[in-house]
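Residue-level structural notes
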Amino acid sequence: MNWNINLVSKDDAAGKDNNLGLVHVLTPENTDIQSYIDPRDNIKHYNVSYSFGINTVLFDISALQVKAVIPSIINYNESYTHAPTLVETSAAYAKIFSGFEDPNSALSRWVGSVSEIPINNDIRGSMAVAPIVLSDAAKAELMKARASPQQSPEAFARNLTAKYEALLAKTFKKPIVPVVFGKTGDGKPSSQYIANIPECLGANQVSMGLPDPSYELRLQVDLISSAKVQHELSEMADKSRGTVQTELDYGGRYITQIVAVESQVVENELVRGGKVLDERTFKFAKSLRFTGDREINSYGQYEKLSSSFLQELLNTYTTQDKKWIKNHMSAAVTDKKARENGSVAKSWKKLIAETMLIRSVIDKEKAK
């Protein structure tokens, strides 16, 4: 991997007895099937998105201390003219894992992405994401939009939190202290990582300590909604498209926070609080346009909308793009000072580069 792991100085005697382990933990996969009628052949097709998570965990075997957790989510798409069978689904996942020889494969890109994150034993080494919070209105909309009992508000919050962790690790190039989710879908911070790795730790399950994060990012999905518009199209000679285009618009309002973490134990439960360093309210929208018939899962579209917002938000944290800030500031923000995109960009630059010491921002500044 050519990975930069620097936990102690090479001249420090304390590092001579370190015994490190590295493991990749697979998290649950998801298979999303979207069907549509192709107007060119009038045949029903199936676009299938396969995804799963990989947590890379670096730990000290002797001290039973986790040094870093780097979450990633891998996506892969296939198209079929029939609903995929279990055999075809298994073959698709097998194809993903056989991709190490291909430098352009999802697995090879994952290796490159993970190895770009330096692991250093500094006071601002790890970050955390708080469990995503859904407003009552957002929960009600998700219940209306879901296509199966598995598509619940709890599952939405859990999956979006996992995506936020992976996107944060990749964009900020920092290890993550993960959220722990219970069977009921509730998330909470934890100071322990439970592991069963016979090759490294013997036959017994062990508990390893997690590092304390320096900063925590929080998100509330305050409002989500959708609208449908249809446009008449002129018919083409080869009939390669239909005569009606359908446009589905999806939008959301999101409240974001960056918090300097202070952790404490209350009644045997870890509670993570601290000082709010930045709080904003943004709007975000996406449109889906198509001709012919297509089965659209609005619940899934809300997931894609929210994850796209998170990726653009994190990118803008590092670039301080004034245009993005201006275009996505919510109308719910009535304070003129809070809406001034130049001052927001300036405050983000100071917070992300100078206070949080995010290397991707510092390196961009040095390159100018």
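Use the structure listed above.
Calculation criteria
- Residues numbered from 1 in each chain as written.
- Predicted model: local features only at pLDDT ≥ 70, side-chain atom pairs only at ≥ 80, totals over all residues.
- Heavy atoms only, no water.
- Helix = DSSP H or I, 4+ residues; strand = E, 2+ residues; numbered from the N terminus.
- Buried < 20%, exposed > 50% of the residue type's maximum accessible area, 1.4 Å probe, protein only.
- Areas by Shrake-Rupley, 256 points an atom, 1.4 Å probe, with all protein chains shown as cover.
- 1 Å grid on protein atoms, 1.4 Å probe; cavity = no way out; pocket = protein on both sides within 12 Å on 5 of 7 lines; lining within 4 Å.
- Points joined across faces, edges and corners; volume = space filled by probe spheres on them.
- Nonpolar A, V, L, I, M, F, W, Y, C, P; charged D, E, K, R; others polar.
- Salt bridge = Lys/Arg side-chain N within 4 Å of Asp/Glu carboxyl O.
- Phe/Tyr/Trp six-rings, centres within 6.5 Å; stacked < 30°, edge-to-face > 60°.
- Axes fitted to C-alpha atoms, helices over the stretch in contact; angles between N-to-C directions.
- Parallel < 35°, antiparallel > 145°, perpendicular 65-115°, else oblique.
- Contact = heavy atoms within 4.5 Å.
- Expected span 1.5 Å × (residues − 1).
- Arc of directions from axis to C-beta.
- Polar contact = N/O pair within 3.5 Å; in protein donor to acceptor, adjacent residues only side chain to side chain.

Bringing the overall build of the protein into the picture now. When helices and strands are tallied, the protein shows 10 helices and 15 strands. Evaluated residue by residue, the protein yields a buried proportion of 44% over its 368 residues. About 19,700 Å² of surface is accessible on the protein, with carbon and sulfur atoms providing 49% of the total.

Moving on, we come to empty space enclosed by the protein. In this structure the tally under the stated criterion is one cavity of 30 Å³ or more. Lining the largest cavity are Val177, Ser190, Ser191, Pro211, Asp212, Pro213, Ser263, Leu270 and Arg272. Here the lining of the largest cavity is composed, by residue class, of four nonpolar, three polar and two charged.

In this structure the tally under the stated criterion is 10 salt bridges. Linking glutamate 78 and lysine 95 is a salt bridge whose minimum nitrogen-to-oxygen distance equals 3.6 Å. Here lysine 95 lies in helix 1 (residues 86–97) and glutamate 78 lies in strand 4 (residues 65–80), a separation of 17 residues in the sequence. The shortest N-O distance in the salt bridge between glutamate 216 and arginine 218 comes to 2.7 Å. A relative accessible area of 4% means that glutamate 216 is categorised as buried. Here the salt bridges share partners, and the residues they tie into one network are Glu216, Arg218 and Arg272.

The next point concerns the environment of glutamate 247. Following the sequence through the fold, glutamate 247 ends up in strand 14 (residues 244–266). Taking the C-alpha atoms as reference points, glutamate 247 and alanine 227, 20 residues apart in sequence, are found 8.3 Å from one another.

Right, let's get into unusual backbone geometry. Phi is positive for lysine 173, which is not a glycine, with a value near 55°. Of note, lysine 173 is situated in the loop between helix 4 (153–172) and strand 8 (176–177). Note on lysine 173: relative accessible area 26%, which makes it partly exposed. Positive phi outside glycine occurs at leucine 357, with the angle close to 55°.

Take the packing of aromatic side chains next. Taken as a whole and assessed by the stated rule, the structure comprises 14 aromatic pairs. Plain terms: the ring middles of phenylalanine 156 and tyrosine 299 are 5.8 Å apart, the flat faces sit at 80° to each other, and that makes the pair edge-to-face. On the criterion of sequence distance, the pair formed by phenylalanine 156 in helix 4 and tyrosine 299 in helix 6 (residues 298–319) is long-range, its members being 143 residues apart. According to the relative accessible area criterion, phenylalanine 156 is buried, its value standing at 0%. Judged by relative accessible area, which is 2%, tyrosine 299 ranks as buried. One aromatic cluster is present, built from ring pairs that chain together Phe172, Tyr254, Phe282, Phe284, Phe309, Tyr317, Trp324 and Trp348.

Moving on: the packing of helix 3 (residues 136–145) against helix 6. One way to put it is that helix 3 packs onto helix 6 with a least axis distance of 7 Å and a crossing angle of 135°. Taken together, the axis directions place helix 3 and helix 6 in an arrangement best described as oblique. The segment helix 3 lies against helix 6, with Glu141, Leu142 and Ala145 engaging Ser298, Tyr299 and Tyr302. Across the contact of helix 3 with helix 6, the residue classes tally to four nonpolar, one polar and one charged.

Moving on, we get to helix 1. The terminal C-alpha atoms of helix 1 lie 17 Å apart, and with 12 residues this matches the ideal 16 Å at 1.5 Å per residue to within 8%. Those residues of helix 1 lying buried are Thr89, Ala92, Tyr93 and Ile96. Burial along helix 1 is one-sided: seen end-on, the buried residues are contained in an arc of 95°.

Moving on, we come to the side chain of glutamate 216. Mapped onto the elements, glutamate 216 comes out in strand 13 (residues 215–232). Here arginine 272 takes part through its side chain, which lies 3.4 Å from a polar atom of the side chain of glutamate 216. Once you skip the residues sitting within four places of it in the chain, glutamate 216 turns out to touch Ala128, Val129, Ala130, Gln257, Ile258, Val259, Val261 and Arg272.

Shape is all these values report; function is a separate question.
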